[in-house]
Amino acid sequence: NYHRGGRGGGGRGGWQQQQQQQLNIRQEYRVQCSPVPISATSLSSDCTIFALGSVEGSILLYNLETKSVLKEFKEVHDLPVTCLASRPIPNALM
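All of these numbers come straight from a predicted model, not from anything done at the bench.

**Structural notes on the sheet that holds strand E5 (residues 59-63)**
Right, so step 1: Overall, antiparallel pairing links the four strands, which are arranged E3-E4-E5-E6 in an open sheet. Each of the sheet's edge strands pairs with one partner strand only, and the pair in question is strand E3 (38-43) and strand E6 (68-73). Pairs of neighbouring strands in the sheet enclose a mean axial angle of 20°, with direction left out of account.
Right, so step 2: Examined bridge by bridge, E3 and strand E4 (residues 49-54) share five bridges and lie antiparallel to one another. Residue Ala40 lies in a different strand from E4, and its bridge partner there is Gly53.

Right under this line is the structure:
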């Protein structure tokens, strides 16, 4: 983490490094969501749906609470999915 020193910028004080906190991250579980490699991901704003784009051009909507696939869009692209974005408003995809 960094914070800006001085008032109103102008370079006075420069960037100063704050004390870093130690993160304790552990893997709770591991589930195979797709038989092919994943090339893009996106997490819903409520952290319950994980969108996965595959190298074969398919998209999976995965429910993190039930650990199951909600919906699959098979080969919607001819090339690998390179980007996914979630939106905060529920829609008719599910």
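That shown, we press on.
**Points about the side chain of Ser42**
Right, so step 1: Here Ser42 lies in strand E3.
Right, so step 2: At 3.0 Å, the side chain of Ser42 and the backbone nitrogen of Ser86 are in polar contact.
Right, so step 3: The contacts of Ser42, once residues within four sequence positions are left out, are Ile49, Phe50, Ala51, Leu84, Ala85 and Ser86.

**Let's talk about the environment of Leu84**
Right, so step 1: Inspection of the secondary structure assignment puts Leu84 in the segment after E6.
Right, so step 2: Taking relative accessible area as the criterion, Leu84 reaches 19% and is therefore assigned buried.
Right, so step 3: The sequence separation of Leu84 and Ala51 amounts to 33 residues, and the corresponding C-alpha distance is 7.3 Å.
Right, so step 4: Every residue in contact with Leu84, bar those within four places of it in the chain, is listed here: Ala40, Thr41, Ser42, Ala51, Leu52, Gly53 and Ile59.

Thresholds applied
- All chains use their own residue numbering, which begins from 1 and follows the written sequence.
- Two thresholds apply to this predicted model, a pLDDT of at least 70 for residue-level local features and 80 or more for giving and counting side-chain atom pairs, whereas whole-chain, interface and lining totals are computed over all residues.
- Side-chain metrics rest on all non-hydrogen atoms present in the structure, leaving aside hydrogens and water.
- We treat two strands as partners when DSSP finds at least two bridges between them.
- A run of DSSP states H or I qualifies as a helix once it reaches four residues; a run of E qualifies as a strand once it reaches two. Both are numbered from the N-terminal end.
- Each axis is a line fitted through C-alpha atoms, taken for helices only over the stretch in contact, and angles between the N-to-C directions span 0 to 180 degrees.
- For this analysis, a polar contact is any N or O atom pair within 3.5 Å, provided that within protein one partner can donate a hydrogen and the other can accept it, and provided that sequence-adjacent residues contribute only side-chain to side-chain pairs.
- The contact criterion used is simple: two residues touch if any of their non-hydrogen atoms lie within 4.5 Å.
- Categorising residues by exposure relies on relative accessible area from a 1.4 Å probe, with only protein chains included: less than 20% of the type maximum marks a residue as buried, more than 50% marks it as exposed, and the intermediate range marks it as partly exposed.

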